[in-house]
Amino acid sequence: MDRERLYIFDTTLRDGAQTAGIEFSVEDKISIVRLLEDLGVDYIEGGYPGANVVDDAFFSQKRTRRATFTAFGMTKRAGRSAANDPGLQAVIGSAASATCLVAKAWDHQITTALGIGIDENLRNMADSVAASVASGKETMIDCEHFFDGWKSNRDYALRFVKTAIDAGARWVVLCDTNGGTMPSEIADIVRDVQTVAPGDRLGIHAHDDTGQAVANTLSAVLAGVRQIQGTLNGIGERCGNANLVTLIPTLMLKPVFAERFALGLSEAQLADITRISRAFDDRINRGSARQAPYVGASAFATKAGIHASAIAKDVSSYEHVPPETVGNERNIMVSQQAGKSNLLTALSRHGIAIEKDDSRLDKLLRTVKERESRGYSYDGADASFVVLARKVLGTLPDFFTVESYRASVERRHNARGELITMTEAVVKIRVGDDLLMSVAEGNGPVNALDLAMRKDLGRYSEHIEDLELVDFKVRILNGGTGAVTRVLVESRDGTGESWYTMGVSPNLIDASFEALYESLTYKLLKVGAQPLRP
Ligand SMILES: CC(=O)SCCNC(=O)CCNC(=O)[C@H](O)C(C)(C)COP(=O)(O)OP(=O)(O)OC[C@H]1O[C@@H](n2cnc3c(N)ncnc32)[C@H](O)[C@@H]1OP(=O)(O)O
Ligand SMILES: CC(=O)C(=O)O
């Protein structure tokens, strides 16, 4: 049986730009278009020409290679013709090859928000669609508040869809603008709409206000729509839009969809989706959600010892799809929930071979659980686990020892009477028989300590030249005997690999010191540095 084509319409750069806390520059938009083209979406809605200077500049030229470059805008205002509406003309006159015009489909909103009659609204919409079609652009209509409109006045909502189709719209997109519709209602209403328009002319635009934007979208697809609107990582107005990064793998990997529908993406593009999702988060300067379906760092991670033991026998035991199909990785973590199977998997990932009945493995498991009870958390600090494991197994080389350190903060007036804060760290490190002392100033005590520790590591200095501290996170834990600080440090080197180490102490500087020390140690292990005394 031939599969029916589903079209992916991305609105990251338009509805996504309506996300609280997100502002795109032209450069951001250009770089996000690259990600979307790598992914292989069919339409890229780049924004709203005429609405602001960024979008004006962005729409001054064609920005896509393969995807249909689409401009968003509203239909003409009441009381003027399409030709005399500057807003509509900016959209039609942009470099986009398609338009997506928004018009209200809920009678109550038309009479209150627009203050016009519902028939006049239909004429405004039809004239705008006709003007866009006449300009040669593929034209879509976003039916704002469609599902609430259908519930309020079914006859008008259906007339709205039919009028748009008759005016020449290629796609009529049914919008759950307020995001409150249930999946079963979506299915019933989409089926009803097909009494006036075929499914291959209909799209769905769902918001996530009940956490069901993805479910609503899938429900609409099963009921007949063939265009899907959504955003990267589900950004968008209020609670966001349907998340394309969840929808695309579901549509391509789950038989109920994959057997009936085809997308314009290849399997290789699907396998790139984890990278794309994370690169997008980087671009908008936020951390990636660990628990994001398919692409999150935890999506194929298991902490539980019972699970790890089953996975050691069959890797697919706790996976609904193979992680590599979406470019993600399986991860067996080490934590309080671990058993020896977790440790064996983590050790072998780092090239450390040991038998399951080796008594050192029992000791390592006891040590991990005891330290976790004091605030350590090895599932997020793999490099610290390696350092600990090698120490307990007796294979950690004696690279260097920190004999002492001091970090100080001084707030005082300088000679000009200005209030300044000075931070300084002094570190004494022993490498073999050499005692090295380094002093550094920093923009804070941890920064000064980090700089001082890396300033002179004697014979190992050449190995740490490319090491940089990428991120530093502090978490205050409420331990049984009072507050404890856990510091997590992310480090990276010239190879691009990054690793996480941690320290735990009631004292923030001590916790930071431990994390920095373990990061240096891990780096020396990683490059195979030769210790003076193995
Ligand atoms: C559901 C959605 O997500 S729709 C997309 C919403 N996105 C945005 O609004 C982001 C970009 N918007 C903007 O930059 C501005 O709102 C602009 C440039 C479009 C318009 O700005 P302004 O002219 O100052 O109007 P303002 O934003 O205050 O109000 C919107 C106007 O459009 C009218 N309007 C709203 N929807 C439509 C429509 N579909 N068709 C025609 N007119 C409409 C409103 O009645 C209102 O007009 P009024 O002030 O005469 O009552
Ligand atoms: C058009 C749109 O973004 C909405 O109705 O939600």
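The shown structure was predicted, so the numbers you read here are calculated from the model rather than taken from an experiment.

Trainee: Teacher, can you tell me more about the site of ligand 1 here?
Mentor: Close to ligand 1 lie 16 residues; Ala51, Met74, Thr75, Ala103 and Leu114 are nearest. Broken down by secondary-structure element, the contributors of at least two residues to the shell around ligand 1 are β5 (98-104) and α4 (107-114). Here the shell around ligand 1 gets three residues from one element, more than from any other, and that element is β5.

Trainee: In this structure, what is going on with the pairing of strand β9 (residues 227-230)? I would like to understand it.
Mentor: Every regular strand shows the same layout, with side chains that alternate between the two sheet faces. The alternating pattern of β9 places Gln227 and Gln229 and Ile228 and Gly230 on opposite faces, both of which are buried. In the sheet, strand β2 (residues 7-10) pairs with β9 via four bridges, with the strands oriented parallel. If you follow Asp10 over to β9, its bridge partner there is Gly230. Examined bridge by bridge, strand β8 (residues 202-206) and β9 share three bridges and lie parallel to one another.

Trainee: I would appreciate a short explanation of the domain arrangement of the protein chain in the present structure.
Mentor: By a widely used convention, the size of an interface equals the accessible area lost when the partners come together. When its domains are assigned, the protein chain resolves into domain 1 (4-265), domain 2 (301-393) and domain 3 (401-526). Computed from C-alpha coordinates alone, the two centres of domain 2 and domain 3 are separated by 27 Å. A class-by-class count of the residues in the side of domain 2 that touches domain 3 yields five nonpolar, four polar and two charged.

Trainee: Whenever I open this one, unusual backbone geometry confuses me. Can you help?
Mentor: Across residues other than glycine, the phi torsion is negative in most instances, and most of the peptide bonds are trans. At His145, a residue that is not glycine, the phi angle is positive and equals roughly 60°. If you check the backbone angles, Asn285 has positive phi at about 60° while not being a glycine. Mapping Asn285 onto the fold places it in the loop between α13 (273-283) and β11 (301-302).

Trainee: Whenever I open this one, the nonpolar core confuses me. Can you help?
Mentor: Nonpolar side chains tend toward joint burial in soluble globular proteins. Residues Ile141, Cys143, Ala164, Val172, Val173, Leu174 and Ile248 are the most contacted members of the largest nonpolar core, which totals 92 residues. For Val173, the residues in contact, after removing those within four places along its chain, are Met140, Ile141, Asp142, Cys143, Gly203, Ile204, His205, Gln227 and Gln229. One finds Ala346, Tyr376, Leu388 and Ala511 within the second-largest nonpolar core, a separate group that totals 47 residues.

Trainee: Explain the sheet that holds strand β15 (residues 434-442) here, please?
Mentor: The strands making up a sheet associate through hydrogen bonds between their backbones, and the pairing can be parallel or antiparallel. Pairing is antiparallel in the open sheet, where three strands are placed in the order β13-β14-β15. Each end of this open sheet is capped by a strand with a single partner; those strands are β13 (401-413) and β15. Across the sheet, the mean angle from the axis of one strand to that of its neighbour is 15°, orientation sign disregarded. Alignment of β13 against strand β14 (residues 419-431), held across twelve bridges, turns out to be antiparallel. Of the residues in β14, the one forming a bridge with His413 is Leu419. Contacts from helix α18 (residues 445-455) reach β13, β14 and β15, with the element oriented near 145° to β15.

Calculation criteria
- Counting of residues starts from 1 at the beginning of each chain's written sequence and follows it residue by residue.
- Each chain takes a letter, starting from A, and each ligand takes a number, starting from 1, following the order in which they are written.
- Confidence filtering applies because this is a predicted model: local features only for residues at pLDDT of at least 70, side-chain atom pairs given and counted only at 80 or more, and all residues used for totals across whole chains, interfaces and linings.
- Only the C-beta atom matters for this test: placed from the backbone, it must lie within 6 Å of a molecule or strand for the residue to be near it.
- Strands are runs of DSSP state E lasting at least 2 residues, helices are runs of H or I lasting at least 4, and numbering of each runs from the N terminus.
- For the exposure call, what matters is how many other C-beta atoms sit within 10 Å of a residue's own: 20 or more marks it buried, 12 or fewer exposed, and in between partly exposed, using C-beta atoms placed from the backbone.
- A pair of strands is labelled paired if DSSP reports no fewer than 2 bridges between them.
- Just so you know, the domain bounds were taken from an automatic or database domain assignment.
- Charged means Asp, Glu, Lys or Arg here, nonpolar means Ala, Val, Leu, Ile, Met, Phe, Trp, Tyr, Cys or Pro, and polar covers whatever is left, Gly included.
- A set of buried residues drawn from Ala, Val, Leu, Ile, Met, Phe, Trp, Tyr and Cys, joined through C-beta atoms within 7 Å, is what defines a nonpolar core.
- C-beta atoms are first placed from the backbone for all residues, and any pair lying within 7 Å is then listed as a contact.
- Working convention: axes come from line fits to C-alpha atoms, limited for helices to the stretch in contact. Angles between N-to-C directions cover 0 to 180 degrees.

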